[in-house]
Amino acid sequence: MVSFTSITVRYAETDQMGIAHHSNYAIWYEQARTEFIRALGSSYGQIEKDGVWLPLLSLHCEFKSPALYEDQLTIKTAIGLLTPSRIQFDYEVKREGVLLGKGFTAHAFTTPALRPMNLKKHHPALYALLQGAFEEEKP
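Please read all numbers here as calculations on a predicted model, not as lab measurements.

> Which residues make up the overall build of the chain, and what values go with them?
A count of helices and strands for the chain gives four helices and five strands. Taken against the 2.2 N^0.38 rule, which gives 14 Å for 139 residues, the C-alpha radius of gyration of the chain at 16 Å falls within 12% of a compact globule. In the chain, which comprises 139 residues, the proportion classed as buried is 38%. When contacts within the chain are restricted to residue pairs at least 6 apart in sequence, those whose partners lie at least 24 apart make up 67%. Approximately 7800 Å² of the chain is accessible, and the part contributed by carbon and sulfur atoms is 54%. Of the charged side chains in the chain, 14 are positive and 15 negative; the average position of the first set lies 8 Å away from that of the second.

In structure tokens, the structure reads:
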């Protein structure tokens, strides 16, 4: 499964040259990831209420071309990797079909006390939902 999130680059997100600052990509990725989970039929809030946290392990961004003030961006989100203990979300940021950047975020599945969790064992329904979305994207 993939989801698509629309973002308009705001003035506050740009530098003096009108270019979106690189730090915004992490925020945009978070918004896209949240909408991806919503498209699955759940929410980050509900997942956390069910006792599953997804702390960030790593963030990677690769920039191809700048995003500019008032650009209408589309962020494509998909699951790039899924194991019982980790998940990776992959992102592509485009403006009118032109790739501006790509990246990923990697997250662990943990308890609210930040203890590692085997999601497949402790929350099999959620794992199956994510596995279905992951399998759907494979060629």
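> For empty space enclosed by the protein, give the residues involved together with the corresponding values.
For the structure shown, the criterion picks out one cavity of 30 Å³ or more. For the largest cavity, the full set of lining residues is Ile 37, Ile 47, Leu 54, Ile 87, Phe 89, Phe 109, Leu 126 and Leu 130. When residues of the lining of the largest cavity are traced back to their parent elements, those giving at least two are strand S4 (86-95) and helix H4 (124-137). Residue composition of the lining of the largest cavity, by class: eight nonpolar, no polar and no charged.

> Requested: an account of the pattern of salt bridges, with residues and values cited.
Applying the stated criterion across every chain, the model contains four salt bridges. Note that Glu 13 is salt-bridged to Arg 10, the shortest N-O span being 2.9 Å. When the shortest N-O distance is used, the salt bridge between Lys 94 and Glu 92 registers 3.7 Å. Taking relative accessible area as the criterion, Glu 92 reaches 28% and is therefore assigned partly exposed.

> Any details on the packing of aromatic side chains? Residues and values, ideally.
Evaluated as defined, the whole model comprises six aromatic pairs. Taking the centre distance of 5.4 Å and the plane angle of 85 degrees together, the rings of Tyr 11 and Tyr 69 count as edge-to-face. Here Tyr 11 is found in the loop between strand S1 (2-8) and helix H1 (24-39), whereas its partner Tyr 69 is found in the loop between strand S2 (56-63) and strand S3 (72-82), with 58 residues between them in sequence. What makes Tyr 11 exposed here is its relative accessible area of 61%. Each ring, one from Tyr 25 and one from Trp 28, has its centre 4.9 Å from the other, and the planes form 55 degrees; the classification is tilted. One end of the pair, Tyr 25, and the other, Trp 28, are both in helix H1, three residues apart, so they sit about a helical turn from each other.

> Mind laying out the sheet that holds S2, listing which residues take part and the relevant values?
What the five strands build is an open sheet, ordered S1-S3-S4-S5-S2; its pairing is antiparallel. Where the open sheet ends on each side, the last strands, each with one partner, are S1 and S2. Across the sheet, the axes of successive neighbouring strands diverge by a mean angle of 20 degrees, strand direction being ignored. The sheet contact formed by S2 and strand S5 (residues 98-108) spans seven bridges and is antiparallel. Its bridge partner being in S5, Glu 62 is matched across the sheet by Lys 102. Where H1 meets the sheet, it contacts S1, S2, S3, S4 and S5, and its direction lies at approximately 135 degrees from that of S1.

> For the pairing of S4, give the residues involved together with the corresponding values.
Bridge count between S3 and S4: nine bridges; the pairing is antiparallel. Bridge pairing links Ala 78 to Asp 90 in S4. Adjacent in sequence and paired antiparallel, S3 and S4 are bridged by three residues. Where S4 and S5 come together, 10 bridges link them in antiparallel fashion. Paired with Arg 86 across the bridge in S5 is Ala 108. Between S4 and the antiparallel strand that follows it, S5, lie two residues; Glu 96 among them carries a positive phi value of about 50 degrees.

Cut-off values and rules
Residues numbered from 1 in each chain as written. Predicted model: local features only at pLDDT ≥ 70, side-chain atom pairs only at ≥ 80, totals over all residues. Heavy atoms only, no water. Helix = DSSP H or I, 4+ residues; strand = E, 2+ residues; numbered from the N terminus. Rg over C-alpha atoms; globule rule 2.2 N^0.38 Å. Buried < 20%, exposed > 50% of the residue type's maximum accessible area, 1.4 Å probe, protein only. Contact = heavy atoms within 4.5 Å. Areas by Shrake-Rupley, 256 points an atom, 1.4 Å probe, with all protein chains shown as cover. Lys, Arg positive; Asp, Glu negative; His and termini not counted. Charge placed at Lys NZ, Arg CZ, Asp CG, Glu CD. 1 Å grid on protein atoms, 1.4 Å probe; cavity = no way out; pocket = protein on both sides within 12 Å on 5 of 7 lines; lining within 4 Å. Points joined across faces, edges and corners; volume = space filled by probe spheres on them. Nonpolar A, V, L, I, M, F, W, Y, C, P; charged D, E, K, R; others polar. Salt bridge = Lys/Arg side-chain N within 4 Å of Asp/Glu carboxyl O. Phe/Tyr/Trp six-rings, centres within 6.5 Å; stacked < 30°, edge-to-face > 60°. Pairing = 2+ DSSP bridges. Axes fitted to C-alpha atoms, helices over the stretch in contact; angles between N-to-C directions.

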